[in-house]
Amino acid sequence: MTKLKENLIAFFGAVVLSLWVVFFINSWTNNLATSMLWQKKNIQITADTQLKYVSWSVELVSLKNIGNVASVSLELLFDSSKVKLSQDDINSDYNVSATKKQWWNGYDIIVSNLLTVKKGWVLLKIKNITKKQYGNMNVGHIQLIDNNGRVLNLSNKKK
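Residues numbered from 1 in each chain as written. Predicted model: local features only at pLDDT ≥ 70, side-chain atom pairs only at ≥ 80, totals over all residues. Heavy atoms only, no water.

Chemist: Quick question: what am I supposed to make of the pairing of strand 3 (residues 66–78) here?
Modeler: Regular strands place their side chains on alternate faces of the sheet. Where strand 3 meets strand 6 (residues 106–117), 9 bridges bridge the pair, whose relative direction is antiparallel. Bridge pairing links S71 to S112 in strand 6. When strand 3 meets strand 8 (residues 137–146), the two strands line up antiparallel, connected through 9 bridges. In the sheet register, S71 faces strand 8, and the bridge partner there is I145. (Pairing = 2+ DSSP bridges. Helix = DSSP H or I, 4+ residues; strand = E, 2+ residues; numbered from the N terminus.)

So, in structure tokens, the structure goes:
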């Protein structure tokens, strides 16, 4: 019976301590929320790449200088009922391979033989895309692999 009593006291003590932390330390107004959610100013988030529309095509552009690059891989996701895209529409000045995802609407794309990436370089170009179709496209995941085999996650923004 004493063991049960000790466990109940410990349980209720933990509940009281948790509630105290939530209400007093974390404050009532932004309860367990990040401070970014309540900012009144625009917060500038810098990205590594940008997906942008340029007259009947979409370009993936580097926003930073990156050295020692072996390849860049990304998932291009879209609504297949609104975007008709074939592998022939995907090209680059570098080696590019695109594989259609069978279970999802999109392509896995690898751009290789880059060596270095300069700010403003177009890494990938997708042609025959209208502005309306561009609104239904997104980059799901983008990674860079350097010449030492390290994998770096890149951020992307859409313009």
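Chemist: Can you walk me through the sheet that holds strand 3 in this structure?
Modeler: Within a sheet, each strand pairs with its neighbour through backbone hydrogen bonds, oriented either parallel or antiparallel. Taking strand neighbours across the sheet as the criterion, the 5 strands line up as 5-6-3-8-9 in an open arrangement whose pairing is antiparallel. Both outer strands of the open sheet, strand 5 (95–100) and strand 9 (151–153), are each paired with one neighbouring strand and no more. The average undirected angle you get between the axes of adjacent strands in this sheet is 20°. (Axes fitted to C-alpha atoms, helices over the stretch in contact; angles between N-to-C directions.)

Chemist: What am I meant to see in the pattern of salt bridges here?
Modeler: Close approach of charged atoms lets side chains of opposite charge pair. Summed over the entire model, instances satisfying the criterion amount to 5 salt bridges. A salt bridge links E75 to K101, with the nearest nitrogen and oxygen atoms 3.0 Å apart. Linking E75 in strand 3 with K101 in the loop between strand 5 and strand 6, this pair joins segments that are 26 residues apart in sequence. Exposure remark for E75: the relative accessible area of 24% places this residue in the partly exposed category. The exposure class assigned to K101 is buried, which follows from its relative accessible area of 6%. (Salt bridge = Lys/Arg side-chain N within 4 Å of Asp/Glu carboxyl O. Buried < 20%, exposed > 50% of the residue type's maximum accessible area, 1.4 Å probe, protein only.)

Chemist: Which parts of the structure should I look at to understand the nonpolar core?
Modeler: A general trend in soluble globular proteins is that nonpolar side chains are found buried together. Among the nonpolar cores identified, the biggest contains 29 residues, and L85, I109 and I126 are the most heavily contacted of them. Elements supplying a minimum of two residues to this core: strand 2 (57–62), strand 3, strand 6, strand 7 (122–127) and strand 8. When neighbours within four sequence positions are excluded, L85 is seen to be in contact with L76, F78, I90, Y107, I126 and I129. (Core = buried A, V, L, I, M, F, W, Y, C linked by side-chain atoms within 4.5 Å. Contact = heavy atoms within 4.5 Å.)

Chemist: Help me understand a nonpolar patch on the surface in this model?
Modeler: On the surface, a cluster of nonpolar side chains totalling about 570 Å² of accessible area is made up of L4, L8, F11, F12, V15 and L19. Relative to the assigned elements, L8 resides in helix 1 (residues 2–25). (Patch = residues over 30% accessible without salt bridge, like charges linked within 9 Å, V, L, I, M, F, W, Y side chains within 5 Å. Areas by Shrake-Rupley, 256 points an atom, 1.4 Å probe, with all protein chains shown as cover.)

Chemist: What is the right way to read the packing of aromatic side chains from this model?
Modeler: For any pair of aromatic rings, geometry is given as the distance between the ring centres together with the angle between the planes. For the structure shown, the criterion picks out 3 aromatic pairs. Ring centres of F11 and F12 lie 5.4 Å apart, and the angle between their planes is 70°; on these two criteria the pair is classed as edge-to-face. The ring of Y107 is capped by K100, whose NZ or CZ atom sits 5.6 Å from the centre of that ring. Cation over ring: K158 sits above Y134, and NZ or CZ is 4.6 Å from the ring centre. (Phe/Tyr/Trp six-rings, centres within 6.5 Å; stacked < 30°, edge-to-face > 60°. Lys NZ or Arg CZ within 6 Å of the ring centre and 35° of its normal.)

Chemist: Before we go on, may I ask you to explain the sheet that holds strand 7 in this structure?
Modeler: Ordered in space as 4-7-2-1-10, the 5 strands form an open sheet in which the pairing is mixed. This sheet does not close on itself; its edge strands, each paired only once, are strand 4 (90–91) and strand 10 (156–158). Relative to strand 10, strand 1 (residues 49–53) runs parallel, the two being bridged by 3 bridges. Bridge pairing links T49 to N156 in strand 10.

Chemist: Whenever I open this one, unusual backbone geometry confuses me. Can you help?
Modeler: Excluding glycine, residues mostly have negative phi values, and the peptide bonds linking residues are mostly trans. Even without a glycine there, the phi angle at S55 is positive, about 25°. Tracing the backbone through its elements, the reader meets S55 in the loop between strand 1 and strand 2.

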